[in-house]
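# A structural walkthrough
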Amino acid sequence: MKHMRNMTGTLGIFILAGSLLIGCSPSASQATSSEASQKSQTRPYTDYLGHAGNIPVSPARIIYSGETFGDMLALGVKPIGGFGYTNQIFEDQLHDVENVGFPINLEKVLELQPDLIIHANTEEKEYEQLAKIAPTVIFDTFAPLEERMTQLGDMIGKPEAASKWLADYKLKSEEMWKKLKESGIMKEGETASVFTYYPGDRLFVMARTGLSQVLYDTNGFKPTAPIQEILDAQKGFELISVERLPEIAGDRIFILNTASAEAEKSTQELLKSHIWKDLPAVKNGYVYFIDIEKSSSDATTREWLLQRIPEILAK
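## Remarks on the overall build of the protein
The helix and strand tally for the protein stands at 14 helices and 12 strands. Residues counted as buried form 43% of the 315 residues belonging to the protein. A separation of at least 24 residues holds for 62% of the contacts in the protein among residues at least 6 apart in sequence. When the accessible area of the protein is evaluated, it comes to approximately 16700 Å², of which 53% is carbon and sulfur surface.

## Focus on the sheet that holds strand β8 (residues 192-198)
Strand order in the open sheet formed by 5 strands is β10-β9-β8-β11-β12, with mixed pairing between adjacent strands. The open sheet has two edge strands with one neighbour each: β10 (237-240) and β12 (287-291). Each adjacent strand pair in this sheet contributes to an overall mean axis angle of 30°, direction not counted. Strands β8, β11 (252-257) and β12 of the sheet are contacted by helix α11 (residues 261-272), whose axis makes an angle of about 130° with β8. The strands that helix α14 (residues 299-313) touches are β11 and β12; relative to β12, the one it contacts most, it runs at about 145°.

## Quick look at the nonpolar core
In this structure, Ile118, Met155, Phe195, Leu215 and Phe254 are the most contacted members of the largest nonpolar core, which totals 69 residues. Counting residues per element, this core draws most heavily on helix α7 (residues 159-182), which supplies 7 residues. Not counting chain neighbours up to four residues away, the residues in contact with Phe195 comprise Leu203, Phe204, Val205, Ile240, Leu245, Ile248, Ala249, Ile253, Phe254, Ile255 and Leu256. Within the second largest apolar cluster, 9 residues are counted, among which are Ile63, Ile80, Leu112 and Ile117.

## Digging into the pattern of salt bridges
On inspection of all chains with the given rule, the structure shows 15 salt bridges. When the shortest N-O distance is used, the salt bridge between Lys181 and Glu188 registers 3.2 Å. A salt bridge links Glu190 to Arg252, with the nearest nitrogen and oxygen atoms 3.0 Å apart. Taken together, the residues Glu190 in the loop between α7 and β8 and Arg252 in strand β11 connect sequence positions 62 residues apart. The class of Glu190 is buried, set by a relative accessible area of 7%. A residue is classified by how much of its surface remains accessible, and Arg252, at 2% relative accessible area, is buried. Residues joined in a network through salt bridges with shared partners are Lys235, Glu238, Arg244 and Glu247.

## Structural notes on the packing of aromatic side chains
Per the stated rule, a full pass over the model turns up 14 aromatic pairs. The interplanar angle of 75° and the centroid separation of 6.2 Å between the aromatic rings of Phe142 and Phe237 together place this pair among those described as edge-to-face. A residue pair is termed long-range when its members are at least 10 positions apart, and Phe142 in the loop between β7 (136-138) and α6 (145-155) and Phe237 in strand β10 qualify at 95 residues. For Phe142, a relative accessible area of 22% corresponds to the partly exposed category. Classification of Phe237 by relative accessible area gives partly exposed; the value is 38%.

Each value, and the rule that gives it
Throughout this description, residue numbers start from 1 for each chain and increase along the sequence as written. Only residues with pLDDT of 70 or above have their local features reported here, since the model is predicted, and side-chain atom pairs are shown and tallied only from 80 upward, although totals for entire chains, interfaces and linings are computed over all residues. Based on all heavy atoms of the structure, the side-chain values leave hydrogens and waters out of the count. Only DSSP runs of H or I reaching four residues or more are called helices, and only runs of E reaching two or more are called strands; each is numbered from the N terminus. Only protein chains enter the calculation, and the probe is 1.4 Å; a residue is then buried if its accessible area is under 20% of its type maximum, exposed if over 50%, and partly exposed in between. Any two residues having at least one pair of non-hydrogen atoms within 4.5 Å are treated as being in contact. Computed with the Shrake-Rupley method and a 1.4 Å probe, the accessible areas treat only the protein chains shown as cover for residues. When DSSP finds at least two bridges between two strands, those strands are taken to pair. For every element, the axis is a line fit to its C-alpha atoms; helices are fit only across the contacting stretch, and the angle between N-to-C directions ranges from 0 to 180 degrees. Buried Ala, Val, Leu, Ile, Met, Phe, Trp, Tyr and Cys residues form a nonpolar core when they are joined through side-chain atoms within 4.5 Å. Between Lys or Arg on one side and Asp or Glu on the other, a salt bridge is scored when a side-chain nitrogen of the former is within 4 Å of a carboxyl oxygen of the latter. Pairing of aromatic side chains requires ring centres within 6.5 Å, counting the rings of Phe and Tyr and the six-membered ring of Trp. Pairs whose planes differ by under 30 degrees are stacked, by over 60 edge-to-face, and all others tilted.

As C-alpha cells, then:
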C-alpha cells in the first residue's frame, strides 16, 4: 500500500495492479501445484527390519503407534493417531489425536486414512495388515535418542528440525549433569538402576527404554555390570528375580510406579523385604520414586526430565 500511495494518477494505479495480477497469478498457481505435487511424491525407504517400500516425501496424516510419541511433538508434528497416552506430561496436547488402540485397531486405522504409519510392534503379520492400508515403517523406539530423532526427522521430511532439537537438548543435558556434579549432589562414576513391577509379581530392570535411557547419558549415571550386559544385548528391559537385586542394583535406585494395584502390592512387599533393606542405595537413602508415565525416554518427556531429575535427587 505504501508504494500504491506514492503512485500518481489513477491510470498508473490500474496499470500497476494489472501488472501485479498478471505477474503473481502464474506464480501462485505454480506454488499450489508444487505443494500438491510434493505431497503426492514418494521415495524409497527401508526400515530397520528390512521392509522396503515407498513413503511420502512430505507425509501429512501420520499415525504413530509407539511409546515415544513425544518425539513427534518435539519435531513440531502432531500425528492424527496414537495408542492413547494417559498421564503423560504432554497429554494436554492430545485432545484431537485419535486413539488407535493397543494392540492397534485396524478398522480405526483404515477409518483415519493415514498416508504414513509409524509402528513399534515387530509382529510381521501386523505389519503386513497395516501395509495394505498405507505405507508402514516399523520403528525402533528403544533406539538411542540421537539415532531415533535423526531417523524420524528424515522419515517425516524434517531433518533440520531434528538436528536443531538434538543440538539444543545436548546443551541443556550437559549443563544439567555439570550442575549436579558441581553441587555435590552427584559424584562422578556413580551407578544407577531402574526397576518396576508389572502385574503377576514380575520385577523388571529397565535398560534401553524409559528413564534408564535418560540416566545413562554420556555425562550421567553409569549402568551396573549386569545392566550393561542387558544394554549390550539391545534389550529394552529384562525380567529378574528379587534375589538378583544385590548384584544388579546401583548406587542409586529409581522405582517406577504403575497404576496397577497388583503391581503396587508387589512393590510394597519388596520394600519390606530384608533383601531390599540391605541394599547400599536403600541404606544411604538413595531411592527415588516416579510415575512410569512420567519416565518415558521420548524427546518431549526428556526435556521435562532435565528439570525434574535435579529436583528428585535433591530430596
